[in-house]
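The lines below spell out each chain.
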Amino acid sequence: IAVVIDVFRAFSVAAYALEAGAARVLPAGEIEDALALGRRFPGSVLAGERHARKLPGFDAGNSPTEIRQLDLRGKVLVHTTHAGTQGLVNALGADEVLTGAFVNISAVCRYILRRAPARVSLVRMGHEARERCAEDDLYAECLRPMLLGQPAPLGEVRERLRDAPAAVKFFDPACDWAPRDDFEYCTDVDRFDFVLRVKRAPGEPLELERLPAP
């Protein structure tokens, strides 16, 4: 099992979208792929970013705040980001691929323990899939001991990430593309009790399926 980690904000967005009633969440690597999926599924909602900023012509950026303001009931959400969705598209060597975000970390842990795989790979996507970042490192720092039956600092997540380099934008009024509420939503530990797993099927786009945690 591979857990592809993107705390700020891709896999929090996906979880909030499904909570809001989205029928499907389709991750895409390239912007052109996302636009093609939008044409393939008329009435779909496009969400995505590059360099953390909303893409031109898209309905929402990579923001749980913006996602929660949309009516997603019964709709297809097409989602492309600079880091997180790239990891999902390229994680081809694992038997199962899960998303990693603090909003459902305990559910992910229980699911993995139930599946008892021979190996668990924690893939930290980091800043723009180029360099490490504090939030994805902290997720791995928490999930690893949880899988080993050891305590993890889940109660410290919000405090420890408040001053993380990637969190600065949430508290800067000039960064209107990164609402302050995004920080609160992404650090709402264990808000959800479900797992998001990549579903691959011949002739079908990549999809995140929502599975109940054991």
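Scroll up to find the structure this text is about.
Residues numbered from 1 in each chain as written. Predicted model: local features only at pLDDT ≥ 70, side-chain atom pairs only at ≥ 80, totals over all residues. Heavy atoms only, no water.

A. Seen up close, the overall build of the protein. Scanning the protein from terminus to terminus reveals eight helices and nine strands. Against the compact-globule benchmark of 17 Å for 214 residues, the protein has a radius of gyration of 16 Å, which places it among compact chains. With respect to the principal axes defined by its C-alpha atoms, the protein has extents near 45 × 45 × 30 Å. A total of 214 residues make up the protein; the buried ones form 57% of that total. When contacts within the protein are restricted to residue pairs at least 6 apart in sequence, those whose partners lie at least 24 apart make up 71%. Total accessible area on the protein is roughly 9,800 Å²; 48% of this is exposed by carbon and sulfur atoms. Here the protein contributes 28 positively and 31 negatively charged side chains, and the mean placements of these two sets differ by 4 Å. (Helix = DSSP H or I, 4+ residues; strand = E, 2+ residues; numbered from the N terminus. Rg over C-alpha atoms; globule rule 2.2 N^0.38 Å. Buried < 20%, exposed > 50% of the residue type's maximum accessible area, 1.4 Å probe, protein only. Contact = heavy atoms within 4.5 Å. Areas by Shrake-Rupley, 256 points an atom, 1.4 Å probe, with all protein chains shown as cover. Lys, Arg positive; Asp, Glu negative; His and termini not counted. Charge placed at Lys NZ, Arg CZ, Asp CG, Glu CD.)

B. Molecular detail of the pairing of strand E5 (residues 76-80). In terms of burial, E5 is a largely internal element, five of the five residues being buried. Side-chain alternation along E5 places Val76, Val78 and Thr80 on one buried face and Leu77 and His79 on a second face that is also buried. Here strand E2 (residues 24-28) pairs with E5 via five bridges, running parallel. For Leu26, the partnering residue across the bridge sits in E5 and is Val78. Alignment of strand E3 (residues 45-50) against E5, held across four bridges, turns out to be parallel. In the strand pairing of E5, Gly48 is matched with Thr80. (Pairing = 2+ DSSP bridges.)

C. Structural context of the layout of surface pockets. Volume-wise, the largest pocket comes out at about 280 Å³. A per-class count over the lining of the largest pocket returns six nonpolar, six polar and seven charged. (1 Å grid on protein atoms, 1.4 Å probe; cavity = no way out; pocket = protein on both sides within 12 Å on 5 of 7 lines; lining within 4 Å. Points joined across faces, edges and corners; volume = space filled by probe spheres on them. Nonpolar A, V, L, I, M, F, W, Y, C, P; charged D, E, K, R; others polar.)

D. The arrangement of the packing of helix H5 (residues 105-115) against helix H6 (residues 134-147) in detail. Packing of H5 against H6 brings their axes to within 10 Å, and their N-to-C directions diverge by 40°. For the element pair H5 / H6, the angle class is oblique. Along this stretch, H5 crosses H6, giving a crossing that reads as right-handed. Between H5 and H6, the residues in contact are Ile105, Ser106, Val108, Cys109, Ile112 and Leu113 and Tyr139, Cys142, Leu143, Met146 and Leu147, respectively. For the contact of H5 with H6, the residue count by class is 10 nonpolar, one polar and no charged. (Axes fitted to C-alpha atoms, helices over the stretch in contact; angles between N-to-C directions. Parallel < 35°, antiparallel > 145°, perpendicular 65-115°, else oblique. Left-handed = near helix turned anticlockwise from the far one by under 90°.)

E. Representation of the state of the cysteines in the model. Enumeration over the complete set of coordinates arrives at zero disulfides. In this structure Cys133 is not part of a disulfide, and its nearest cysteine sulfur, from Cys186, lies 12 Å away. On the accessibility criterion, Cys133 (9% relative accessible area) is buried. Unpaired in this structure, Cys142 has its nearest cysteine sulfur neighbour in Cys109, at a distance of 11 Å. (Disulfide = S-S within 2.5 Å.)

F. Representation of H6. The terminal C-alpha atoms of H6 lie 20 Å apart, and with 14 residues this matches the ideal 20 Å at 1.5 Å per residue to within 8%. Judged by how many residues are buried, H6 sits mostly within the fold: 11 of 14 residues are covered. All of the buried residues in H6 are Glu135, Asp136, Asp137, Leu138, Tyr139, Ala140, Cys142, Leu143, Pro145, Met146 and Leu147. On the buried face of H6, the contacting elements are strand E1 (2-5), strand E6 (97-100), H5, strand E7 (121-124) and helix H7 (157-161). Backbone geometry just downstream of H6 places Gly149 in the positive-phi region, at approximately 75°. (Expected span 1.5 Å × (residues − 1).)

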